[in-house]
Amino acid sequence: MELQERLDEVRSHIAAAERQAGRAAGSVQLVAVSKTFDADQIRPAISAGQRVFGENRVQESQGKWPELKTETPGIELHLIGPLQSNKTADAVALFDVIETVDREKIARAIADEIKRQGKAIRLYVQVNTGLELQKAGIAPDDTASFVDLCRKELGLSIEGLMCIPPADENPGPHFALLAKLAKQAGVEKLSMGMSSDYEIAVAFGATSVRVGSAIFGAR
């Protein structure tokens, strides 16, 4: 199957999941996860009309996205991997959305860079819904207070929450928890769901899904 066909299939599945959940058509944004793929492998997705992409690493993204963004205006680039404080300046410069604000140190670094660069950037707080020791993210019980700190003390525009459920668990309860936390924290957007479970995420209220291998193929 060609990339165009895989992309069309994912879009079709999202649309069907929206209908099944009684949600408005187009209410879920598709973030095509292009990590590890080079510019020539990404261009067919752009040619097929995809404009929103997700990357895991700042340095890798710097090697391909400045050129791709210059070629095609209107691309929206999301950082969906962990952000190290020494990469904050580069991340704020390149990305339109950072989905992995996961600790006070990185939130402060982002706030400083936004002021220094004068760039409006949209932010999500990553929540560790499974309390996994090896995984980044704010603990569920700390989410509302952390969002409050980011907004009131640091002046950051937190528009949503993001999670990555444990690989060996049913994702539904984690998606439900994230939706509940979003209401408590007063944020509207939910970034949840990947290639294996994005249709489930739509049913639980995802406003964006992060799909990579189902579009680009195995890494």
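Where an unreviewed UniProt entry is consulted, the protein appears under the name Pyridoxal phosphate homeostasis protein, with the organism given as Rhizobium miluonense. In its Function (unreviewed entry) section, UniProt records this for the protein: "Pyridoxal 5'-phosphate (PLP)-binding protein, which is involved in PLP homeostasis." Taken verbatim from the UniProt record of the protein, the Sequence similarities (unreviewed entry) comment is "Belongs to the pyridoxal phosphate-binding protein YggS/PROSC family."

Peer 1: Describe the nonpolar core, with residues and values.
Peer 2: Residues Phe-53, Ile-98, Leu-156 and Val-209 are the most contacted members of the largest nonpolar core, which totals 63 residues. Among the elements that take part in this core, helix α8 (residues 171-185) stands out by supplying six residues, more than any other. Excluding anything up to four places from it in sequence, Val-209 contacts Ile-14, Val-28, Gln-29, Leu-30, Val-31, Met-192, Gly-193, Tyr-198, Ala-201 and Val-202.

Peer 1: Mind laying out the pattern of salt bridges, listing which residues take part and the relevant values?
Peer 2: One pass over the structure, following the stated rule, counts 16 salt bridges. Between Arg-43 and Asp-40 there is a salt bridge whose closest N-O contact spans 2.5 Å. Of this pair, Arg-43 and Asp-40 are both found in helix α2 (residues 39-47), three residues apart, which corresponds to roughly one turn of the helix. For Arg-43, a relative accessible area of 22% corresponds to the partly exposed category. The class for Asp-40 is exposed, based on a relative accessible area of 58%. Across the pair Glu-159 and Lys-189 runs a salt bridge, and its minimum N-O distance is 3.8 Å. Taken together, the positions of Glu-159 in strand β6 (residues 158-163) and Lys-189 in strand β7 (residues 189-191) put the pair 30 residues apart, joining distant regions of the chain. Here the residues in one salt-bridge network are Asp-40, Arg-43, Glu-67 and Glu-71, joined through shared partners.

Rules used in this analysis
- Residues numbered from 1 in each chain as written.
- Predicted model: local features only at pLDDT ≥ 70, side-chain atom pairs only at ≥ 80, totals over all residues.
- Heavy atoms only, no water.
- UniProt positions renumbered as here; feature names shortened; annotations may be inferred.
- Core = buried A, V, L, I, M, F, W, Y, C linked by side-chain atoms within 4.5 Å.
- Buried < 20%, exposed > 50% of the residue type's maximum accessible area, 1.4 Å probe, protein only.
- Helix = DSSP H or I, 4+ residues; strand = E, 2+ residues; numbered from the N terminus.
- Contact = heavy atoms within 4.5 Å.
- Salt bridge = Lys/Arg side-chain N within 4 Å of Asp/Glu carboxyl O.

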